[in-house]
Amino acid sequence: MKKKIALITGATSGIGEACARRFALGGYDLILTGRNSERLQAAKAAAEEYGAEVLTLLFDVRDRQACQKAVASLQDKWAEIDVLINNAGLALGLEKEYMGDWDDWETMIDTNIKGMLYMTRLIVPAMVARNHGHVINIGSVAGDAAYANGNVYCATKAAVKAITDGLRIDVAESAVRVTNVKPGLVETHFSVTRFHGDQEKADHVYKGIEPLTGDDIADVAFYAASAPEHVQIAEVLVLATHQASGSVIHREL
């Protein structure tokens, strides 16, 4: 029996890396993508410990031609992807919108929206043709409502929700399933990236609350993928216990 294949973007850290381990543990073979060769090989080695066969693709999802080349390189069984996890994404900066950094905006929009669209456009047609497949987009609670100084990041995650909902409508005549997983406060490399490497600022984000982990979100993604074929987990909002929304967090200080 052919093992299922999951392609995970942004698999070199955080939720993507956790998804690689969880899906490997669940019996999938994996295609892992990322921009950092060393981290990509580490993610590959970790997944292989669970018995998965792993193919790595080194490219940046912001680069449409690189995405096209990477997907075109897939041969034989690797071309039949069962689950696409559009995980690659990031937040940069925490400034008021009128003081935002131009380059941060470009990077977030190109990664969180356009990169997801590129991979969806390249992989979903084959899923529809086979009448089988599952797209899991990693959104955010930030896509439900803007929070202070989160403006453009929140907008990109609102776009993830709209694009995910739109895809679900567009493939409704097929057996392809579409899921939006919306995490709240997750302690990964996310905040270090947002604050451009400032670990002290990043640590403050999680002060006084036990946040979610990448493994928590990976478990949710795997649950969605493991549901019976007639069950489509359309959207899941996952928050830490003391988090009520993107902006309401109770901290024990």
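Here's what I pulled together on the structure shown here. (Residues numbered from 1 in each chain as written. Predicted model: local features only at pLDDT ≥ 70, side-chain atom pairs only at ≥ 80, totals over all residues. Heavy atoms only, no water.)

Tallying secondary structure elements over the chain gives 8 helices and 7 strands in all. The principal-axis extent of the C-alpha atoms belonging to the chain is close to 55 × 40 × 35 Å. Burial statistics for the chain: of 253 residues in total, 49% are counted as buried. Long-range pairs, those at least 24 residues apart, make up 72% of the contacts in the chain between residues at least 6 apart in sequence. Just so you have it, the chain exposes about 12,300 Å², and 52% of that area is on carbon and sulfur atoms. Between the mean site of the 25 positive side-chain charges and the mean site of the 33 negative ones, the chain shows a separation of 3 Å. (Helix = DSSP H or I, 4+ residues; strand = E, 2+ residues; numbered from the N terminus. Buried < 20%, exposed > 50% of the residue type's maximum accessible area, 1.4 Å probe, protein only. Contact = heavy atoms within 4.5 Å. Areas by Shrake-Rupley, 256 points an atom, 1.4 Å probe, with all protein chains shown as cover. Lys, Arg positive; Asp, Glu negative; His and termini not counted. Charge placed at Lys NZ, Arg CZ, Asp CG, Glu CD.)

Note that Asp 215 resides in helix α8 (residues 214–226). Taking the relative accessible area as the measure of exposure, Asp 215 reaches 38% and is therefore partly exposed. The residues contacting Asp 215, other than those within four sequence positions of it, are Ala 18 and Arg 21.

Turning our attention to helix α1 (residues 14–25). End to end, α1 covers 17 Å across 12 residues, agreeing with the expected 16 Å (1.5 Å per residue, within 8%). Burial in α1 covers these residues: Ile 15, Gly 16, Ala 18, Cys 19, Ala 20, Phe 23 and Ala 24. In the stretch just after α1, Gly 27 is the one whose phi turns positive, near 95°. (Expected span 1.5 Å × (residues − 1).)

Here we come to the sheet that holds strand β3 (residues 54–58). Read across the open sheet, the 7 strands follow the order β3-β2-β1-β4-β5-β6-β7; overall the sheet is parallel. Two strands close off the open sheet at either side, each with one partner strand: β3 and β7 (235–238). With direction set aside, neighbouring strand axes in the sheet form an average angle of 15°. As judged from the 5 bridges shared by strand β2 (residues 29–34) and β3, these two strands associate in the parallel manner. Its bridge partner being in β3, Leu 30 is matched across the sheet by Val 54. (Pairing = 2+ DSSP bridges. Axes fitted to C-alpha atoms, helices over the stretch in contact; angles between N-to-C directions.)

That is the geometry; function is a separate question.
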